[in-house]
Every structure is written in structure tokens, then in C-alpha cells.
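# Overview (structure and organization)
So the chains spell out like this:
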Amino acid sequence: MHTNPNTSIDIATDSAWMRHALTLAAQAAAAGEVPVGAVVVKDGQLLGQGYNAPIALHDPSAHAEIQALRQAAQALGNYRLEGCTLYVTLEPCTMCSGALLAARLARVVYGAPEPKTGAAGSVHNVFALPQLNAHTQVQGGVLAQECSALLQAFFQQRRQQQRQQAQPLRQDALRTPPARFADFPLSAPSHYVADLPPLAGLRLHYQYLQAAPEQANATPPFTSPATWLLLHGPQGWCWQMQDLLLALHAQGQSVLTVDLPGWGMSDKPKKPATHQPAWHGQVLQALCQHLGLGEQHALVLAADDALWLAALAPSLPNLQALCWLPAGLEQAGQQGQLKAAQAAPFPDAGHRAGPKTAAKWSTPPLAQSPLPLLDLHARAQPPQALAMQAVEYFAALQLPYLPPT
Ligand SMILES: [Zn+2]
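As a starting point, this report considers the structure included with it. In this text, all values refer to a predicted model and were calculated from it rather than measured experimentally. In this convention, every chain numbers its residues from 1, walking through the sequence in written order. Thresholds applied to this predicted model are a pLDDT of at least 70 for local features of residues and 80 or more for the giving and counting of side-chain atom pairs; totals over whole chains, interfaces and linings are not thresholded and use all residues.

### So, the overall build of the chain
The following threshold applies: For helices the rule is a DSSP run of H or I covering at least 4 residues; for strands it is a run of E covering at least 2, with both sets numbered from the N terminus onward. Every C-beta atom is placed from the backbone, and the number of other C-beta atoms within 10 Å of a residue's own sets its class: buried at 20 or more, exposed at 12 or fewer, partly exposed in between. Our contact criterion uses C-beta atoms placed from the backbone: two residues qualify when those atoms are within 7 Å.
Check the secondary structure of the chain and you find eleven helices and 14 strands. Within the chain, the fraction of its 405 residues that count as buried is 42%. In the chain, 68% of the contacts between residues at least 6 apart in sequence involve partners at least 24 apart.

The following block contains the structure:
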């Protein structure tokens, strides 16, 4: 490793830039890419940044370092980035190390070592070849623990997801092929669970965004709803709820969206008799328990369908309030895309036992529910505006909400 006694290294500055690279790495993780982030800095100024995105960009060279280098070179109007420092959360690979040398950076600072592909000392050291490198000083181990913790969490979650996705299909159920959902990407990570008692091995799809601890209402009176259970109606699935999921989360709320069994990306029992509202309610209740949202935890049920709210509310004992949303809260607002999205989970009539049975549910009118109801269903407004109104309304109600756990 080269050291340059003339370069004074400010540890606090290095940590601060590495922390910025870590936030970029987290963005990569959220997009399903291996979480690596990089920034290029000169004289305390950010010139370029990027995160790992080979999957999204269909580009094997779209590593974080390359993205950051490209941006910095554009900013400087020069392919040589002399006097610049690149911070990256993971030890660079051979490709990136070559690019970093070509850019003539002053320094490369990385976080975690990469024992399988690292080209700055782990597998080999491109920077130590005097024939290749006369410019670039390398330093590893800055915030190494945080950088590798992010990677470990990512791979652990991916292994868990793969195990969950490998759940065998019950003989009396159907599973929609993943290709049917290719045109309808979701905005938040998907999770699956099959080991809840009422599911008896059926695979259930859900998404869960928790309020950041600093946003949660930590002092009494606890007037914020603890968790929103955001449900599709008989014609929908999680996809239609993505905008509202993000909008409520942006308002500091914890939000859970679920594809009921028979809908969306969940397994679809073939027998119509299975699809009773009480059973679907038990599934939701069991999922809440599974996520630590048990008896002590307050819920608001939000759906774009009155029948849905009236049918499912009685099975959820810790429900505090209801919210009726406008129908067709579509992701893109295009009627054609909404129709295609609604059809995506159902390759044939055999998959439609759930929606067909739900159309015949007889439930008491929503007005008879004893729970407070916010009715926004006639308001055609953007999800952000709806989320704001809903949060304000329920905060003002001062329901006996319990502290977020
Ligand atoms: Zn690389």
C-alpha cells in the first residue's frame, strides 16, 4: 500500500464522506442491488456520487465507483481527476481499480475489505504495482464495520427471501408465475410468510415500512396511529397501493400492505369456500401478530372498497379506525395500465376464486361499524394530499393509540 506523507488525512472528514457513501449504498439496497456507494470529493466539495446499479441499468460496469467517476469527470470537464479523493464503502474490484488508476485520483478510501474480488489488497493489489501507479494513495478500513454490516444485512435478507420464495405450493392452491408481475414493479421490498397457522402453508405476500424511530411519536399523548393496514379491494393488489404506501411512510407512519390469499402475489386457494371474510381477517390478524403488532398495537384499516372495510373490520380486534380511500389509486394514473395490473395476478379463471367469491360476500353496511370512519373515497387527489389529510384526521381524533414499540 502506498502512503504519502505529504497528504494530511483528516479522520473526521474521511468518516463524514464515507457516511455519505453509506447512504448511497442504502439506496442501492432498497433497489435490490448489492449495497455499495461511492463519492468523489475535491477540496471538501462533492463532485460525483453513485451507487451500484448493474441490474437496473443492464450494465456490468455500473459499479458505484464508475458512476461516481463519470459524474465527477463531467463536473470537472476532465477525464483526469487530479487532486480528488474517491470514497467507496467496499474495496474496489479489478475493473474499478483500473478505472481509478486511469483517473489519476490522489486518494482512494474504502470501507469494508472484499475478500473474494478486492483488488486493493485482498485478492491482489493493483495500486501496489509501481509500473501502473504513481499517483494514487489507497486506504481501507474507514467505517469498515458499518459498511460490511450493510452488506451482511442485505445478503441475509436475500437468503431469507429466497427461502421464503422456495415455499412449496399447496395442492389446493395456485401461484401466479413471477413473469406476470414483471411490468408492475413495486416501490418497497416484498416479503413472504407461510408459517402462520391460518395460512397452513399458503404463501402470503406483504410489504412493511416502519416509521423511523425519530419520527415516531415518543412522548404522551400518543396521538399518531401506530400502523396503517393498507388493503387492496376485490379488484386490486399491492401494486395499486404503492403511492399511498410511500406517501403515508413519508408522513412518519408505519404502513403494512398485504395481498390477501387469492389476490396479487399471494398463493390462491382454488376452493371458493375458503374465501370467507372471517378467514381473511384471521390471516391479517396472524400477520400482525407475526410482525409484533399484537393486541397492544393500534391499527387503522384503509382500503378503496367499502365492502372490504365492512367485511374485514370485525375480525381485527385491535382496529381503532377505518379509512375509505378513492378507488383506482393507480400507480401511473393510466387507465390502460391499471387494467393490465389488475389482470396480472390472474393468468386464467382458476386463479380467480378469491375475487369471484368476494363479490358474493354479504356484509352489514359500512355505516353500521362502531369505528370512526374517514371517508375520502370521493376525493380525486394525489396520494401525498390524501396521506396528509388522513394523518391529520386521525391525530386530531386522539384515539387511545398506544406508543409505537
Ligand atoms: Zn467494481
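Back to the text.
### Some words on the sheet that holds strand 1 (residues 37-42)
Rules: Between any two strands, at least two bridges found by DSSP are needed for them to pair. Interaxial angle, 0 to 180 degrees, is taken between N-to-C directions of lines fitted to C-alpha atoms, where a helix line uses only the stretch in contact.
The mixed open sheet is built from five strands, whose spatial order is 2-1-3-4-5. Only two strands of the sheet have a single partner each, and these edge strands are strand 2 (45-51) and strand 5 (137-139). Each neighbouring strand pair of the sheet contributes to a mean axis angle of 15°, computed without reference to strand direction. Those strands touched by helix 1 (residues 11-30) are strand 1, strand 2, strand 3 (85-90) and strand 4 (107-112), and its axis lies near 145° from that of strand 1.

### Observations concerning the pairing of strand 13 (residues 319-324)
Cut-off, in case you're wondering: A clockwise course of the path from the first strand over the helix to the second, judged with the strands pointing away from the viewer, identifies a crossover as right-handed.
Summarising burial for strand 13: six of the six residues are buried, a large majority. Between strand 12 (residues 299-303) and its parallel partner strand 13, the chain crosses via helix 8 (residues 306-312), and the hand of that crossover is right-handed. Two strands pair when backbone bridges link them, and strand 13 and strand 14 (residues 373-375) are joined in this way by three bridges, in the parallel orientation. Pairing of Cys323 across the sheet is with Leu374, part of strand 14.

### Quick notes on the environment of Ala247
If you trace the backbone, Ala247 turns up in helix 6 (residues 242-250). C-alpha of Ala247 to C-alpha of Ala387: the two residues are 140 residues apart in sequence and 5.9 Å apart in space. What Ala247 contacts, discounting residues up to four positions off in sequence, is Pro383, Gln384 and Ala387.

### What to know about the sheet that holds strand 12
Within a beta sheet, neighbouring strands are joined by backbone hydrogen bonds and run either parallel or antiparallel to one another. Pairing is mixed across the open sheet formed by seven strands, whose spatial order is 7-8-10-9-12-13-14. Only two strands of the sheet have a single partner each, and these edge strands are strand 7 (191-193) and strand 14. Pairwise comparison of adjacent strand axes, ignoring direction, gives a mean angle of 25° for this sheet. This element, helix 6, spans strand 8 (204-209), strand 9 (227-231) and strand 10 (254-259) of the sheet and lies at about 165° to strand 10. Taken strand by strand, helix 11 (residues 383-397) contacts strand 12, strand 13 and strand 14, and its axis lies near 145° from that of strand 13.

### With respect to the nonpolar core
Formally: Buried Ala, Val, Leu, Ile, Met, Phe, Trp, Tyr and Cys residues form a nonpolar core when they are connected through C-beta atoms within 7 Å.
Formed by 55 residues in total, the largest nonpolar core has its most connected members in Leu229, Leu230, Val300, Leu301, Ala302 and Leu309. Those residues in contact with Leu309 that sit more than four places away from it in its chain are Leu301, Ala303, Leu322, Trp324 and Leu366. In this structure, Leu24, Cys93, Ala103 and Ala112 belong to the second largest nonpolar core, which totals 47 residues.

### With respect to unusual backbone geometry
A negative phi angle is the norm for most residues apart from glycine, just as the trans form is the norm for most peptide bonds. Here the phi dihedral of His58 falls at roughly 50°; this positive angle occurs in a residue that is not glycine. Mapped onto the elements, His58 comes out in the loop between helix 2 (54-57) and helix 3 (64-76). Of note, Leu143 is a non-glycine position whose phi angle comes to about 50°, a positive value. By the element assignment, Leu143 lies in the loop between strand 5 and helix 5 (144-165). Look at Leu143 and you get buried, because 23 C-beta atoms sit within 10 Å.

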